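Observations on the model geometry
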Amino acid sequence: MSRAPSSRLFRLFRSGHTEKPDYLFVGAFFMLLFIGVVMLSSASAVLSYQKFGTPYYYVIHQILYGLMPGLGLLFVASRIDYHVWRRFVVPLLMVSIGLLVLVFLPGIGYEYGGARRWVHLGPLLFQPSELVKLSFLLYLATWLSSKGAKNIQNFSYGFLPFAVMTGAITLLIILQPDVGTMGVIASIAFTMYFIGGAALPHLAIAATAGIALILVLIRSAEYRFKRFMTFLHPELDPLGIGYHINQALLAIGSGGIFGRGFGHSRQKFAYLPEVTGDSIFAVVAEETGFVFAVFLIALFVFLAVRGLRIARSAPDEFGTFIAVGIVAWITFQSFINIAAMLSLVPLTGIPLPFVSYGGSAMLVSLTAVGILINISRQGRKER
């Protein structure tokens, strides 16, 4: 006799244990969310008024279509036993890949700034690469935990399938093109493969192939080559390809120790490009200064440390792989974004997690954090 639907629903939403979540992680994370909303409200005010006649369009849109539904997804994901995701990893990944293909179809894919990274789903505009980060991460966690270290170290059964899977995903993202997101996904995959017990020669091959691919991508597109040369010599073309990074550095430098004051950024007045996206850290540093900028970086570091503790105390390898993947995702993306604004790496165009404007990124990222919180609920008592 089949179980009643209510019984199945209960089994789906049970957390597996009655343990409380990692409150230090949760508290720091919600502090980051609050900072993100506050800083977006300031950074977006001028651009919002220019485009929509109100300084609050972007922050309200972020709250209504990103933060509020995202928090709902976070709560649901934090209550669902993370082992349930094993059943859905293949269809979820197939849907994600299908959406990646749809971005290239006329009438469905949406192009902005020379890139096709979005799909129109009715009234919604969605970025499939954000969903791929989570679906591919869950798929890799399932695959790695089912293989065992011995098979992972085997070239035919471990490295080759890993390389094919990662290569296929990154190829679709390169074609959009979105090299920044490609780098984040490749970093997540490499980190999970490493902790899965991969053989060092295989890791060396993967790293070499990744570096070679980046060099080829830089040389194959003129704008990427110019951006790379600007990274090496920001003074070469300050009013052309070097304009973005020079304005970002000007914003950060003019913030001084304690900043110009909240709402008093000058660079957001149509000087600094992408103030609501990948340049938002520059506005944060300009308005709040060196001290708060360091605090924000320290907050990301703290989340990474607590996330790794959650991974270490996870009850099984599946939970460990998921937790490490999510931590790698948030950490790599945040520090690539910040490093680009500080001219430590070339500009990539990827947003700052939980701070930059973007509904797709917020929805998927909050879901991932909810899964991480559920893993912390079931973890061994090491905290």
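Residues numbered from 1 in each chain as written. Predicted model: local features only at pLDDT ≥ 70, side-chain atom pairs only at ≥ 80, totals over all residues. Heavy atoms only, no water.

A look at the overall build of the protein chain
Just so we agree on the cut-off: Secondary structure is summarised from DSSP: a helix means a run of H or I of at least four residues, a strand means a run of E of at least two, and numbering begins at the N terminus for each. Throughout, radius of gyration means the C-alpha value; the globule benchmark is 2.2 Å times the number of residues raised to the power 0.38. Working definition: with a 1.4 Å probe on protein chains only, accessible area under 20% of the residue-type maximum means buried, over 50% means exposed, and in between means partly exposed. Contacts: residue pairs with any heavy atoms within 4.5 Å of one another. Only the protein chains shown count as cover for residues, with accessible areas throughout obtained via the Shrake-Rupley method and a probe of 1.4 Å. Counting rule for charge: Lys and Arg are taken as positive, Asp and Glu as negative, and neither His nor the chain ends is counted. The atoms used to mark charge sites are NZ of Lys, CZ of Arg, CG of Asp and CD of Glu.
Secondary structure assignment for the protein chain yields 15 helices and three strands. Here the C-alpha radius of gyration of the protein chain, 21 Å, is about what a compact globule of 383 residues would show, namely 21 Å. By its C-alpha atoms, the protein chain is 70 × 45 × 40 Å across when sized along the principal axes. In the protein chain, which comprises 383 residues, the share counted as buried stands at 48%. A sequence separation of at least 24 residues applies to 73% of the contacts in the protein chain between residues at least 6 apart. Counting every atom, the protein chain has about 17800 Å² of accessible surface; 69% of that belongs to carbon and sulfur. Taking the average location of the 28 positive side-chain charges in the protein chain and that of its 16 negative ones, the two points are 10 Å from each other.

Some details on the pattern of salt bridges
Short version of the rule: Any carboxyl oxygen of Asp or Glu that lies within 4 Å of a side-chain nitrogen of Lys or Arg is treated as forming a salt bridge with it.
All chains considered together, the criterion is met by four salt bridges. Measuring nitrogen to oxygen at the nearest pair gives 3.3 Å for the salt bridge that ties K133 to E130. On the criterion of helical spacing, the pair formed by K133 and E130 is a turn pair, its members being three residues apart in helix α6 (residues 128-147). What makes K133 buried here is its relative accessible area of 3%. A relative accessible area of 2% places E130 in the buried class. With a shortest N-O distance of 3.2 Å, K268 and E287 are connected by a salt bridge. With K268 in the loop between α12 (243-254) and α13 (280-312) and E287 in helix α13, the pair connects residues that are 19 residues apart, well separated along the chain.

Comments concerning unusual backbone geometry
Residue P177 follows Q176 across a cis peptide bond; omega there is -10 degrees. Note that P177 resides in the loop between α8 (155-174) and α9 (179-195). Located in the positive-phi region is A270, a residue other than glycine, with phi close to 65 degrees. The exposure class of A270 is exposed, given its relative accessible area of 56%.

Comments concerning the nonpolar core
Rule in force here: Grouping buried Ala, Val, Leu, Ile, Met, Phe, Trp, Tyr and Cys residues that are joined through side-chain atoms within 4.5 Å yields what is termed a nonpolar core.
Within the largest apolar cluster, 97 residues are counted, with the highest numbers of intra-cluster contacts made by F136, I322, F354 and I371. A per-element tally of this core places α13 first, with 14 residues.

Describing the sheet that holds strand β3 (residues 124-126)
Using the following cut-off: For two strands to pair, DSSP has to find at least two bridges joining them. The axes used here are C-alpha line fits, helices contributing only the stretch in contact, and every angle between their N-to-C directions lies in the interval 0 to 180 degrees.
Spatial strand order, β1-β2-β3: three strands in an open sheet with antiparallel pairing. Among the strands making up the open sheet, the edge pair consists of β1 (109-112) and β3. Recorded for the sheet is a direction-independent mean angle of 40 degrees between the axes of neighbouring strands. By the bridge criterion, four bridges tie β1 to strand β2 (residues 115-121) in an arrangement that is antiparallel.

Topic: the side chain of R224
Filter applied, for reference: For the purposes of these results, a polar contact is taken to be a pair of N or O atoms within 3.5 Å, where, inside protein, one atom must be able to donate a hydrogen and its partner to accept one; residues adjacent in sequence count only when each atom of the pair is a side-chain atom.
Turning to its location among the elements, R224 is positioned in helix α11 (residues 222-232). Buried charged residue R224 carries no salt bridge. Nearest counter-charge: D178, at 8.8 Å. A distance of 3.0 Å separates a polar side-chain atom of R224 from the backbone oxygen of L217. When near neighbours in sequence (up to four residues on either side) are disregarded, R224 contacts P177, V179, L217 and I218.

Brief notes about the packing of α9 against helix α10 (residues 200-220)
Inclusion rule: The cut-offs work like this: below 35 degrees is roughly parallel, past 145 is roughly antiparallel, 65 to 115 is roughly perpendicular, and the gaps in between are oblique. Any residue that is not Ala, Val, Leu, Ile, Met, Phe, Trp, Tyr, Cys, Pro, Asp, Glu, Lys or Arg is counted as polar, Gly included; the first ten are nonpolar and the last four charged.
Close contact between α9 and α10 brings their axes to 11 Å; oriented N to C, the two are set at 175 degrees. The angle between α9 and α10 falls in the class roughly antiparallel. The segment α9 lies against α10, with V179, M182, F190, Y193 and F194 engaging H202, L203, A206, A207, L213 and L217. Tallied by class, residues from the contact of α9 with α10 come to ten nonpolar, one polar and no charged.

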